[in-house]
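# A structural walkthrough
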Amino acid sequence: MDWFEETLHQGWRQAIRVERVLFREQTGHQDLVIFDSRDWGRVLALDGVVQTTTGDEFCYHEMLVHVPLLAHGAAREVLIIGGGDGGCLREVLRHAGVIRVTQVEIDPAVIELSRHWLPTLSDGAFDDPRARVVIADGARFAAETRERFAVAIIASTHPQGPGAVLFTAPFYQDVRRLLNPGGIMVSQCGNPAIRPDELVETQAAQAAAGFALVDYYLTVVPTYIGGAMALGFATDAPGRRAISVRELEARGVPAGLRYYTPEMHVAAFAHPRWIIERVGH
């Protein structure tokens, strides 16, 4: 394999030069490949789609995690659905006030292989006593659990294959039910430049789930095709959305971050006009 070619979008493909394939296997759920690249470090891809790289993973994980946790300000119980590479878990555990993180992953191979081949992503997070790993279907877990959480992070793959159910209104209704009062759900909503329909449909499904506020914010992950990545932000406490830089600073931003800042948090909710025109808000 000289080049890894991503085939997520019918009209647009990207290719990453492969230095060395480290592992490839058809797991019980998906085709998984891990390889070294010259420009992006080590790469994890599922079903032909780049999931994360050691070169730019922080752009995604920091914004997916620290925006909701700092917007909430007092999260103690956090749920992660998906995110088996451990990057979200690592970032949640930077918050000293969090007493437990429940990580629900459908494919144990993703966790096992990420711990072995991409250890910097989890950076020991799976061994933290506050972390609890549940191998289960995330949608079923959300439908059946009686546990409650301050923040739910839906670190899913794209809306295809085993991750498709995590983009539906019934799933979002289940997540809304398991949130404590004032809780926040965040989710990846695709790239509005190349697939604006994904953001439109995801936001509509979250609104149909009954959240009082459904919005989105943006991050830039170079290896995710098309530029800005949309992350959904849904809550029944609209005041959590409008937090000032000064308030965020007072809540204690974890040290050592490479992308997230309070200023970036606030600015990420400012949507370029072309995206507003495409998605309606």
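Provided above is the structure to which this section pertains.
Quick summary incoming for the structure in this document. (Residues numbered from 1 in each chain as written. Predicted model: local features only at pLDDT ≥ 70, side-chain atom pairs only at ≥ 80, totals over all residues. Heavy atoms only, no water.)

## A word on helix H1 (residues 57–72)
Helix length check: H1, at 16 residues, gives a terminal C-alpha distance of 23 Å against a target of 22 Å (1.5 Å per residue), a fit within 8%. Bending of H1 peaks at approximately 25 degrees at the position of His66, with proline Pro68 no more than four residues after it. Just beyond H1, the residue with positive phi is Gly73, at close to 90 degrees. (Helix = DSSP H or I, 4+ residues; strand = E, 2+ residues; numbered from the N terminus. Expected span 1.5 Å × (residues − 1). Bend = angle between axes of the 7 residues up to and from the residue.)

## With respect to the nonpolar core
Grouped together as the largest cluster of nonpolar side chains are 43 residues, with contacts concentrated most on Leu69, Val78, Val92, Ile153, Tyr217 and Phe233. Of all the secondary-structure elements, those providing two or more residues to this core are H1, strand S6 (77–82), helix H2 (87–92), strand S9 (149–155), strand S10 (179–188), strand S11 (213–220) and strand S12 (228–235). The element contributing the most residues to this core is H1, with ten residues. Residues contacting Tyr217, with those up to four places away along its chain left out, are Met63, Leu64, Val67, Pro68, Val186, Met229, Ala230, Leu231, Gly232, Phe233, Ala268 and Phe269. Val104, Phe167, Ala205 and Phe211 belong to the second-largest nonpolar core, a separate cluster that totals 22 residues. (Core = buried A, V, L, I, M, F, W, Y, C linked by side-chain atoms within 4.5 Å. Buried < 20%, exposed > 50% of the residue type's maximum accessible area, 1.4 Å probe, protein only. Contact = heavy atoms within 4.5 Å.)

## Some remarks on helix H6 (residues 169–178)
Every buried residue of H6 is accounted for by Phe171, Tyr172, Val175 and Leu178. The arc that holds every buried residue of H6, seen down its axis, measures 120 degrees, which confines them to one face. (Arc of directions from axis to C-beta.)

## Description of the sheet that holds strand S2 (residues 12–26)
Think of a sheet as strands paired side by side through backbone hydrogen bonds, with each pair either parallel or antiparallel. If you trace the five strands from one edge of the open sheet to the other, you get S1-S2-S3-S4-S5, paired in antiparallel fashion. Each of the sheet's edge strands pairs with one partner strand only, and the pair in question is strand S1 (3–9) and strand S5 (49–53). In this sheet, neighbouring strand axes are inclined to one another by 50 degrees on average, regardless of whether the strands run parallel or antiparallel. (Pairing = 2+ DSSP bridges. Axes fitted to C-alpha atoms, helices over the stretch in contact; angles between N-to-C directions.)

## Quick notes on the pairing of strand S4 (residues 41–46)
As paired strands, strand S3 (residues 31–37) and S4 are joined by six bridges and run antiparallel to one another. The partner of Phe35 across the bridge, within S4, is Val43. Counted along the chain from S3 to the antiparallel partner S4, the turn is three residues long. The sheet contact formed by S4 and S5 spans four bridges and is antiparallel.

## Regarding unusual backbone geometry
For Asp47, which is not glycine, the phi dihedral falls at a positive 50 degrees. If you check the backbone angles, Asp123 has positive phi at about 50 degrees while not being a glycine. Locating Asp123 in the fold gives a position in the loop between helix H4 (119–122) and strand S8 (131–135). Residue Asp123 is classed as exposed on the basis of its relative accessible area of 59%.

## Observations regarding the sheet that holds strand S7 (residues 100–105)
If you trace the seven strands from one edge of the open sheet to the other, you get S8-S7-S6-S9-S10-S12-S11, paired in mixed fashion. Edge positions in the sheet fall to S8 and S11, since each of these pairs with one other strand and no more. The average angle at which neighbouring strand axes cross in this sheet is 20 degrees, direction not considered. Strand direction decides the pairing type here: S10 and S12, joined by five bridges, are antiparallel. By the bridge assignment, Val186 is partnered in S12 with Phe233. Contacting S10, S11 and S12, helix H7 (residues 196–208) crosses the sheet at an angle of about 145 degrees to S11.

## A word on the pattern of salt bridges
Inspection of every chain in the model, using the stated rule, returns 16 salt bridges. Put simply, Arg100 and Glu77 hold a salt bridge, and the shortest N to O gap is 3.0 Å. Remark: Glu77 occurs in strand S6 and Arg100 occurs in strand S7; sequence separation between them is 23 residues. With a shortest N-O distance of 2.8 Å, Glu91 and Arg90 are connected by a salt bridge. Both residues of the pair, Glu91 and Arg90, count as buried. When salt bridges with common partners are traced through the structure, they connect Glu57, Arg90, Glu91 and Arg94 into a single cluster. (Salt bridge = Lys/Arg side-chain N within 4 Å of Asp/Glu carboxyl O.)

## Quick word on the packing of aromatic side chains
Applying the stated criterion across every chain, the model contains six aromatic pairs. Judged by centre distance (5.7 Å) and plane angle (55 degrees), the rings of Phe171 and Tyr172 are tilted. The exposure class of Phe171 is buried, given its relative accessible area of 2%. When the ring of Tyr217 is compared with that of Phe233, the centres are 6.4 Å apart and the planes differ by 75 degrees; the resulting orientation is edge-to-face. Highlighted residues: Tyr217 in strand S11 and Phe233 in strand S12, separated in sequence by 16 residues. Residue Phe233 is classed as buried on the basis of its relative accessible area, which comes to 0%. A connected cluster of aromatic rings, assembled from ring pairs, spans Tyr217, Phe233 and Phe269. (Phe/Tyr/Trp six-rings, centres within 6.5 Å; stacked < 30°, edge-to-face > 60°.)

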